Amino acid sequence: MNVKPKHSANWWGTLVCVLFGGLLVLGVAYDAPIYQRPIAKITSVRNERPVKQQDEFENQDATVHQRINAVLINTIHKGQKITLSNTYSRSGAMDQPYRVGNQVFISKLTRGQQSNIKGPKRDTVVALLTWIVISLLFIFMRSAGFMALLSVGLNAVLFFLAINIDLSLKNGNVFVIFSLISVVFAALTLWLVLGWSRQMVITLTATLSGTALAIVISLLVFALTHERGMHYEGLQYVTTLPRPLFLAETLIGSLGAVMDESTDIVATLFELQAERPDVSRNQLFLSGRNVGRSIMGPLINVLFLIFVADTFPLTLLYLKNGNNWGYTYMMNMSMGVIQSLISGLGIVLAIPVVSFVASRLMKKRVMTDDNL
Amino acid sequence: MTTFSVLALLLFLAMWAVGGKQGAIAFVSLGVNFALLFLTIVLVQFHLPPLPVTLVAGTIILAVTIFFGNDDDNSTTTAFYASVIVMLLLLLFIVPVEHWAQVAGFGDEDSEDLEGMSLYIGISFLKVEICTVVLSTLGAIAEAAMAISSGLSEIETQQPTITGKRLFGDGLNVGKQIIGTTFNTLFFGFFGGFLSLFIWFVGLRYSIGEVFNDKVFVAELLMVLLSFIGVLITVPMTAAVASWRWHRRPHQSQKQPAVTKVDVDE
């Protein structure tokens, strides 16, 4: 931690940033004029009687038709009053009720025809939550929060660039491209967290080799088992070859967790060596393993819950449509589970790798420390 | 043998080899958590109220994640209390945000997956979405709570004269050290899963305005942001629980001011 000048000055800075951010969020709430698609604000809603619905699986539901009056708030037709209609169901899988005050995107206005609601304007809620995250970061974490924000922001930009590169290469393999990008991701993130130091190089080496090892082992397992029981048709939003896409997703998904773990282990080992310079290579290796084994369980669970909880709505829909547990699992959850297993392997294998690399590299040239 | 069984076996062996008994138990926690997730979905399918079911399942998932494979009683208890409180606090956030954002259920991009299915299933997808977000943040909350509480437990052992207030400040300091890497774990964890969705957006040339109002994208982004908020609340909450529990415990020299210098910045 660096030395802070005056705490009060710091707090004023934070307060100003937080308030300024709040104004920006307010701006997003009224940013309709910058959209080219027409947006209307709902002024009144009249609900008709609910209509009972029953499907072939005997699910009971009800739909409600809404007659909506709205006023356009952007484009050259601003101020024009229009009528819209909407039907929503009680379950609301692909529809939703609208209320007075909602801003909605509508289809282009054509004379004599009613326009349709395309969907609600959702950018304000995104802005609000982003603002809350950033404010909390500054309030609790100060400069560390700023670094965290910077690395997430830069990674998001890189992520976007990588997708563009992938799409511009007509015959590019998405897995190869994202493997290369992963190296950049890891280097950039660790550089921001640790600075350009010996510790960073060791952490980076360990992260990359641990992840690579897990992927290589998984590919061997794929080949040996002929990918039996893998259902690529269960993947969502697939527009390219599913297999490399699945591997790229798994690689990216586990990268952050492996970096997290390697950073913790290497940091502890460096501290240990600073306290006891005579510590042996073997002791370093064993300490690394000790730190690793208490982190690995929770870390694998982090990824597992992210990968599998996300399939909740679709899984429920499958079950409600009369599919049995086996088929439902296969189509929705099986790929997420395999992804968790591969990531888990990466997280576990990184522990001996990082402990080994750190114990060898740290002890090799103790004289030329710090700077590489 | 299927790919799944070989990978599961390898993961078990690796966890056992690296972590011994502790590792093997951590592997079991994965299986138990999966069973709990599936059970939650099945109970919701039978029209049990989604939120209470999720809160009960969530509490058990937190307990399993924290207590399985960790044997330090002091730090696990602190982490468990803190993470349950954070789950409840986060819920107060998630409910209004999901109502407002209207991102429950499925978007236009899901049409292909939904072909031939009946959507009128009589269970509110809004409630299901709230449950999904709660469940997907639990791992991150448990992990952050464990990191802080085990750090503090170490400090408690080394400095038995520390005051509760100092302990709270130390908790925030430990939080500063883990926040960068924790955010990256979440960022990559979530964005890895949505790679295909992003390729779809870029490939079909969605404009920025379209992306930030798209139902599927906003749903996923809110999940990431709410997990960030969950982790951010976890840091002071774990520090507070640790310092509260430290305060209540009888010790030898509570009144004595701590001699060690700790850099707390307030």
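None of the values given here were measured: they were computed from a predicted structure. (Residues numbered from 1 in each chain as written. Chains lettered and ligands numbered in written order. Predicted model: local features only at pLDDT ≥ 70, side-chain atom pairs only at ≥ 80, totals over all residues.)

1. Observations concerning the overall build of chain A
Alright, step 1. Check the secondary structure of chain A and you find eight helices and six strands.
Alright, step 2. Ordered by position from N to C terminus, the α and β elements of chain A give α-β-β-β-β-β-β-α-α-α-α-α-α-α.
Alright, step 3. Counting only C-alpha atoms, chain A reaches 85 × 60 × 40 Å along its principal axes.
Alright, step 4. Relative to its 372 residues, chain A shows a buried fraction of 42%.
Alright, step 5. For chain A, the proportion of contacts with a sequence separation of at least 24, taken over those separated by at least 6, is 69%. (Helix = DSSP H or I, 4+ residues; strand = E, 2+ residues; numbered from the N terminus. Buried ≥ 20, exposed ≤ 12 C-beta atoms within 10 Å, placed from the backbone. Contact = placed C-beta atoms within 7 Å.)

2. A word on the interface of chain B and chain A
Alright, step 1. Facing the 101 residues of chain B at the interface are 115 residues of chain A.
Alright, step 2. For the side of chain B that touches chain A, the secondary structure elements donating two or more residues are α1 (3-45), α3 (73-101), α5 (125-158), α6 (164-193), α7 (195-203) and α9 (215-248) of chain B.
Alright, step 3. If one sorts the elements of the side of chain B that touches chain A by residue count, α1 of chain B sits on top with 22 residues.
Alright, step 4. Here the residues of the side of chain B that touches chain A are counted per class, giving 60 nonpolar, 32 polar and nine charged. (Nonpolar A, V, L, I, M, F, W, Y, C, P; charged D, E, K, R; others polar.)

3. Concerning the nonpolar core
Alright, step 1. Among the nonpolar cores identified, the biggest contains 180 residues, and Val348 and Ala358 of chain A together with Leu222 of chain B are the most heavily contacted of them.
Alright, step 2. Sorting elements by how many residues they give to this core places α9 of chain B first, with 21 residues.
Alright, step 3. Apart from residues no more than four positions distant in its own chain, Val348 of chain A is found in contact with Met296 of chain A together with Leu11, Ala14, Met15 and Val18 of chain B.
Alright, step 4. Membership of the second largest hydrophobic core comes to twelve residues, among which are Ile39, Ile42, Leu72 and Tyr98 of chain A. (Core = buried A, V, L, I, M, F, W, Y, C linked by C-beta atoms within 7 Å.)

4. Description of the UniProt feature "transmembrane region" (unreviewed entry) in chain B
Alright, step 1. Taking the UniProt record as the reference, the feature "transmembrane region" (unreviewed entry) is found at residues 50-68, 80-97, 117-142, 183-202 and 222-246 of chain B.
Alright, step 2. Note that residues 80-97 of chain B is 100% helix and 0% strand, and that its end C-alpha atoms are spaced 25 Å apart. (UniProt positions renumbered as here; feature names shortened; annotations may be inferred.)

5. Thoughts on the confidence of the model for chain B
Alright, step 1. Averaged over every residue, the pLDDT of chain B is 90; the share at 70 or more is 94%.
Alright, step 2. Segment residues 252-266 of chain B is flagged for pLDDT under 50; beyond a separation of four residues in sequence, or across chains, it makes 19 contacts in the model. (pLDDT = per-residue confidence, 0-100.)

6. Comments concerning the packing of helix α4 (residues 198-225) of chain A against helix α5 (residues 242-275) of chain A
Residues and elements named next belong to chain A.
Alright, step 1. Orientation of α4 relative to α5, taken along the N-to-C sense of each, is 140°, at an axis distance of 8 Å. For the element pair α4 / α5, the angle class is oblique. Note that α4 runs across α5; the crossing there is right-handed. Within the contact between the two elements, α4 uses Gln199, Ile202, Thr203, Ala206, Thr207, Gly210, Thr211 and Ile215 and α5 uses Leu247, Leu251, Ser254, Leu255, Val258, Met259, Ser262, Thr263, Val266 and Phe270. (Axes fitted to C-alpha atoms, helices over the stretch in contact; angles between N-to-C directions. Parallel < 35°, antiparallel > 145°, perpendicular 65-115°, else oblique. Left-handed = near helix turned anticlockwise from the far one by under 90°.)

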